[in-house]
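# Per-entry structural report
Each chain, letter by letter, is given below.
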Amino acid sequence: AVVSTQSTGDERTMLKLRELTDLQLGYNLLRNFPDVVTRMEKLEELSLIHNQISLLPDEVVQMRSLEKLHLDNNVLTELPEYVTLQLPQLRALTLENNKLKPNTRSTQQTRSKFYYKIGL
């Protein structure tokens, strides 16, 4: 199942979508990573491009099925180490046009572990 939306809407509605494998939440001016998304157990691909997200929550590690995470054009300044270490299925991570610090340990791990696009 694939859903694209211009609004994350009601959290209860989102939780009913547990069978989703692909979720597109780009261009929504989101300031925060949607917590409800971390409880979507079958989600394989998540796009949060062109938002205003500055921080990834710790709960991201619950997304055990996540294979592709697109975070381009946000305001992230660092990538938490747990993203590169605790998401077993993650194969693609895109981070272009963020404010990432180029020499952080997690940024270096990302460069070596994943197919990625990262603009520094």
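Structural notes, computed from the coordinates. (Residues numbered from 1 in each chain as written. Predicted model: local features only at pLDDT ≥ 70, side-chain atom pairs only at ≥ 80, totals over all residues. Heavy atoms only, no water.)

### Structural notes on the overall build of the chain
Scanning the chain for helices and strands turns up three helices and six strands. Counting from the amino terminus, the chain carries its helices and strands in the arrangement β-α-β-β-β-α-β-α-β. The 120 residues of the chain split such that 42% are buried. When contacts within the chain are restricted to residue pairs at least 6 apart in sequence, those whose partners lie at least 24 apart make up 30%. For the chain, the computed accessible surface area is about 6,600 Å², with 46% contributed by carbon and sulfur atoms. (Helix = DSSP H or I, 4+ residues; strand = E, 2+ residues; numbered from the N terminus. Buried < 20%, exposed > 50% of the residue type's maximum accessible area, 1.4 Å probe, protein only. Contact = heavy atoms within 4.5 Å. Areas by Shrake-Rupley, 256 points an atom, 1.4 Å probe, with all protein chains shown as cover.)

### Overview of the side chain of serine 47
Note that serine 47 resides in strand 3 (residues 45-47). On the basis of relative accessibility, which here comes to 4%, the residue serine 47 falls in the buried class.

### Here's the deal with unusual backbone geometry
A positive phi angle, close to 60°, is found at leucine 29, a residue other than glycine. Even without being a glycine, histidine 50 presents a positive backbone phi close to 55°. Relative to the assigned elements, histidine 50 resides in the loop between strand 3 and strand 4 (68-70).

### Description of the side chain of histidine 70
Its location among the elements puts histidine 70 in strand 4. For histidine 70, a relative accessible area of 16% corresponds to the buried category. At a separation of 2.9 Å, a polar atom in the side chain of histidine 70 contacts the side chain of glutamate 45. Leave out the neighbours within four places in its chain, and histidine 70 touches Glu45, Leu46, Ser47, Leu48, Ile49 and Thr94. (Polar contact = N/O pair within 3.5 Å; in protein donor to acceptor, adjacent residues only side chain to side chain.)

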